[in-house]
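Observations on chain architecture
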Amino acid sequence: MKTFRNFKLLACALVLALPAWSEAQYKVRPVNTTQDVPVMEFSKTDFIRSVQETMRSEGIPAAIALYDGLPPGFAGDVDLLVIKASLLISDSKLNDAKSICNGIIASDPSNEDALELLLYIARCQNDVRSENKLVKQLLAADQYNVSANMALGQSSFASKNYKQARLYYQKALVKEERNEDALFGLGQADYYLGAKDSKMDKECETVFKKLIEVNPQNSLAYSYLGKLAAAGNKYKVASDYVQKAIDLEPDNYNYYLDYGMFENYLGHYDNAADSWTKAIALQPDYFLAYAYRGGLYDEQGKEDLAISDYKQLLRCNPEYYYAYESIGVLEIHKKNWTAARQAFMKCYEMDKTSNVSYPLMVTYCYYMEGDKVNAKAFSDKVLRKMDRASIEYAMLRVWHDESGEMPLPQKISAITDSKKKGKMWFYLGLFYDMFGGGEFASEHYSKLLAMNSPMIFEYRMAEWRVGQLNLNSEDKSLSKVSN
C-alpha cells in the first residue's frame, strides 16, 4: 500500500491501484430458475469502478453508501473492506475504519493493508502504544515496509533526530523508490543536516530534483530547492524556484515570505514588498509578513509605513516586544517623544531585568518631553532595584542627578563586552546631548560607531545624532563666515 499524508488521496489511490480482476474470477454467476428472467450478475470490478466514479462525482459519503448494496457473498471480501476502511478514514470516521481493520486482522493477522491502515489510525489518534506495536509487527514481516519506516522517520524527524529519520526514509524508498512522501522526508532531513554539514546540501538537492521528476507539480520540492540556493547566496536561482512553487500553489503564505526575502536580497525592493503584501492578504492575522515588510519600509526611510506595520505585527503577536523597540526608535527620530516613551515603556514592562537600554530610553523621553518630575521619579524607582556596583546603575544615576559623570569614561573603557561597551558610550553621549556639551556627545557617539555594531538600535540612533550634530556645526560655521 502506498502511504499518503492526505488519506483522501489514499482512498483514491486504492481504488485506482487495485488490479483489474478478471470478470471470470469476480462475477457472481446468474442463477436461472427460468430461462426467461435471468438474475443480474455482480462484478467486483464494476463495483470498484462505481465507487471510484461516485467518489469523484458525489463525494466520499456517497461512495461509502454503495456498500449497503453489496451481495451477501461479498460483504466480507477483504479487498473491498480495505477500500471501505480507507474511505471511512477519509471521511474522518476513524473508529468505524478501525473496526473493519480489526475484523480483517482477526481472520488474517498478517494482512499488510489492514495493519497499515491501523497504523495510520493510531497516529491520527495519538495512540503511541498501538503505533509502536503495529510498527514492530509490520517490520517483523518486512524490514522495508514503507508505512512502518515512514512512521519511524516522521517520529525521528519530530524529535530532531535527522540522521535516524534519514535512514528510515531511505529504507521506505527501497520498496517504493518513487514514493513522494518518503522522498520529501529524506530531502527535508538532508536539508536540516546541511545546517551542520554543507556536504548534505548536494544530497538534498538531488533528492528534491528527483521528487520533481516523480511529480513536477510538487511545489514543496521547488520551495526547498529555493531555500538551498539561498543558503549558497544564489538568490536569483532561489527566487526562480520559489516563483515556480507559487505558480503551483498561489495561496501558500510561506512561499510569498521566501520570495520576498530573496527579492529583497537581490535589491528588488518593490517586488519584495508586493510579495509580503500578498502574504498579508492571505493571512492578515499572522505577524511575520508585517515584520518583514515593516523592516523593509524602515530601511527605506518610510517611517510612517514601518510604524504601521510594526503596530499590525503587535496586534497579531503582542509578545513580540522588539517591534515596540523599533517603534520607539522611529518615533524618537520623528521627535514624537511621548509615543516613543510609551513604546519603550512597553519594552521595559516585558523585560525589566536583562536590558538597561529600556529604562534609560524611557527616562530620556521624559526629559525630552520636558517632564523632569516623572523622569526622576521613574529612574529613581528603577535605581532602587539595580546593583549599585554596576556600570548600568552608575549611568542611570548620572542621568537622574543630571551630573557627576567623571568616573564613567574610565569604567566604560574597562568593559570587555564590546556590545555593552558600545551601549555605554552611546548613553554617555546622550547624557551630554540632554544636558549640554554637543562636542562631547558627538565624541562618545563616534566611539560606538567606530565599533561597527549595527545590530543594536543605539548604533542607528548614534548615526542620526552625529549627522545632526555635524550639520548643526556646519550651519554655525557658515553663520560665522557670513557675519
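Note that the structure is predicted; figures quoted are calculated from it, not measured.

Looking now at the overall build of the protein. Within the protein, the regular secondary structure consists of 27 helices and zero strands. Residue pairs at least 24 apart in sequence account for 49% of intrachain contacts in the protein once pairs closer than 6 positions are excluded.

On the secondary structure map, glutamine 188 appears in helix α11 (residues 180-193). Sequence-distant contacts of glutamine 188, defined by excluding residues within four places in its chain, comprise Phe157, Phe208 and Tyr224.

What follows is about helix α6 (residues 94-107). A rise of 1.5 Å per residue sets the reference length of α6, with its 14 residues, at 20 Å; its end C-alpha atoms lie 21 Å apart and thus fit the reference within 8%. When we look at burial in α6, the residues that qualify are Leu94, Ala97, Ile100, Cys101, Ile104 and Ile105. Looking down the long axis of α6, one finds its buried residues gathered within 140° of arc, a one-sided arrangement. Looking at α6, the residues exposed on the side facing more than 90 degrees away from the buried face are Asn95, Ser99, Ala106 and Ser107. Where the residues of α6 are buried, they touch α5 (78-90) and α7 (112-124).

Attention now goes to the pattern of salt bridges. Taken as a whole and assessed by the stated rule, the structure comprises 25 salt bridges. Lysine 93 is the partner of aspartate 91 in a salt bridge, and the nearest nitrogen-oxygen pair spans 3.5 Å. Here aspartate 91 falls in the partly exposed class, since its relative accessible area comes to 24%. Residue lysine 447 pairs with glutamate 443 through a salt bridge whose shortest N-O separation is 3.8 Å. Taken as a pair, lysine 447 and glutamate 443 lie in helix α26 (residues 438-450) at a separation of four residues, close to a single helical turn. Under the relative-accessibility criterion, lysine 447 is labelled partly exposed at 30%. Residue classification places glutamate 443 among the partly exposed residues on the basis of a relative accessible area of 38%. Linked by salt bridges that have partners in common, Lys44, Asp77 and Asp79 make up one network.

How each quantity is defined
Residues numbered from 1 in each chain as written. Predicted model: local features only at pLDDT ≥ 70, side-chain atom pairs only at ≥ 80, totals over all residues. Heavy atoms only, no water. Helix = DSSP H or I, 4+ residues; strand = E, 2+ residues; numbered from the N terminus. Contact = heavy atoms within 4.5 Å. Expected span 1.5 Å × (residues − 1). Buried < 20%, exposed > 50% of the residue type's maximum accessible area, 1.4 Å probe, protein only. Arc of directions from axis to C-beta. Salt bridge = Lys/Arg side-chain N within 4 Å of Asp/Glu carboxyl O.

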